[in-house]
Amino acid sequence: GAVVSQHPSWVICKSGTSVKIECRSLDFQATTMFWYRQFPKQSLMLMATSNEGSKATYEQGVEKDKFLINHASLTLSTLTVTSAHPEDSSFYICSASGGIQETQYFGPGTRLLVL
Amino acid sequence: KNQVEQSPQSLIILEGKNCTLQCNYTVSPFSNLRWYKQDTGRGPVSLTIMTFSENTKSNGRYTATLDADTKQSSLHITASQLSDSASYICVVSAGQAGTALIFGKGTTLSVSS
């Protein structure tokens, strides 16, 4: 299957700082990338969908000014958690697909801990 | 409301034994159903994908079934191994374009020696 990487794999930051998470498709062009958040023992919750070169579409209840998404190329999308607070601590997972109807391949996830 | 329900919530079995995980869904319109394996602290990895017309799909020791009439799916794991310990997530794609993914909460499987 296709390979999707995330960086960093884990990050600890102070409250009020911003954190950037990268998602890369290593062996295919990802027209569409998705960002999810997963709390312990919970399902993955879709945060936003982004298409290369256009603005991301955010799910209801997700603050677009807090979770900045940039999908500048067909192999890279970034999620920036701005002014992070302890309640933002979670497991963030991205996925990438070659098209809106194509299989999503998930990255390994990034664990964020905000102190 | 589109929903995916999985059972049991957790399961403990001995190495070498078989087990079956269940997934019931109320998703319309249905596009496809996937089973994912998610190791702790890792992203989900696809095991199988089935469309409306497919009844069964195998991937090594994993066999998934789909009954589109009753809207039920199962994942059967044969001759379990310690490495099978993980969360197994049933995901149903909704909509004509299959763009909306509805995730189940997963079944946590623990295989012990």
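Our structure's up above, just so we're on the same page.
Residues numbered from 1 in each chain as written. Chains lettered and ligands numbered in written order. Predicted model: local features only at pLDDT ≥ 70, side-chain atom pairs only at ≥ 80, totals over all residues. Heavy atoms only, no water.

A. Layout of the layout of surface pockets. Of the pockets and cavities examined, the largest pocket occupies roughly 1,300 Å³. If you list the elements that add at least two residues to the lining of the largest pocket, you get strand 4 (32-38) and strand 5 (45-51) of chain A together with strand 1 (3-7), strand 9 (86-94), strand 10 (100-103) and strand 11 (107-112) of chain B. Partitioned by chemical class, the residues of the lining of the largest pocket number 17 nonpolar, 20 polar and seven charged. Estimated volume of the second largest pocket: approximately 240 Å³. Elements supplying a minimum of two residues to the lining of the second largest pocket: strand 10 (105-106) of chain A together with strand 4 (30-38) and strand 5 (45-51) of chain B. (1 Å grid on protein atoms, 1.4 Å probe; cavity = no way out; pocket = protein on both sides within 12 Å on 5 of 7 lines; lining within 4 Å. Points joined across faces, edges and corners; volume = space filled by probe spheres on them. Helix = DSSP H or I, 4+ residues; strand = E, 2+ residues; numbered from the N terminus. Nonpolar A, V, L, I, M, F, W, Y, C, P; charged D, E, K, R; others polar.)

B. Summary view of the state of the cysteines. A full pass over the atoms with the stated rule returns two disulfides over all chains. A sulfur-sulfur separation of 2.0 Å characterises the disulfide bridge that pairs Cys23 of chain A with Cys94 of chain A. Between Cys23 of chain A and Cys94 of chain A, the S-S torsion sits near 75°, and that sign places the bridge as right-handed. Here Cys94 of chain A lies in strand 9 (residues 90-97) and Cys23 of chain A lies in strand 3 (residues 19-25), a separation of 71 residues in the sequence. Given a relative accessible area of 0%, Cys94 of chain A falls into the buried group. Two residues, Cys23 of chain B and Cys90 of chain B, share a disulfide whose sulfurs are 2.0 Å apart. With the S-S bond torsion at -65°, the cross-link from Cys23 of chain B to Cys90 of chain B turns out left-handed. (Disulfide = S-S within 2.5 Å. Buried < 20%, exposed > 50% of the residue type's maximum accessible area, 1.4 Å probe, protein only.)

C. Local environment of the packing of aromatic side chains. With the rule as written, the count across this model stands at nine aromatic pairs over all chains. Seen in terms of ring centroids, Phe106 of chain A and Phe103 of chain B are 6.4 Å apart; in terms of plane orientation they differ by 80°. Their pairing is edge-to-face. Residue Phe106 of chain A is found in strand 10, and its partner Phe103 of chain B is found in strand 10; the two belong to separate chains. A relative accessible area of 9% means that Phe106 of chain A is categorised as buried. For Phe103 of chain B, a relative accessible area of 12% puts it in the buried group. With centroids separated by 6.1 Å and ring planes inclined at 45°, the aromatic side chains of Tyr62 of chain B and Tyr88 of chain B adopt a geometry described as tilted. Remark: Tyr88 of chain B occurs in strand 9 and Tyr62 of chain B occurs in strand 7 (residues 62-67); sequence separation between them is 26 residues. In this structure Tyr88 of chain B comes out as buried when scored by relative accessible area, which is 0%. (Phe/Tyr/Trp six-rings, centres within 6.5 Å; stacked < 30°, edge-to-face > 60°.)

D. Geometry of the interface of chain A and chain B. Each partner contributes to the interface: chain A provides 17 residues, whereas chain B provides 15 residues. Both faces combined, the contact of chain A with chain B buries some 1,300 Å², and carbon together with sulfur accounts for 56% of it. It is Ser43, Leu44 and Phe106 of chain A in chain A that bury the most area against chain B; as a group they hold 33% of the surface buried on that side. The tally of links from chain A across to chain B stands at zero salt bridges. The tally of links between chain A and chain B comes to five residue pairs in polar contact (both at pLDDT 80 or more). Only strand 4 and strand 9 of chain A provide two or more residues apiece to the side of chain A that touches chain B. Tallied by class, the residues present in the side of chain A that touches chain B amount to seven nonpolar, eight polar and two charged. (Contact = heavy atoms within 4.5 Å. Buried area = accessible area lost by both parts, 1.4 Å probe. Salt bridge = Lys/Arg side-chain N within 4 Å of Asp/Glu carboxyl O. Polar contact = N/O pair within 3.5 Å; in protein donor to acceptor, adjacent residues only side chain to side chain.)

So, to be careful, I would describe these as geometric facts and stop short of saying anything about function.
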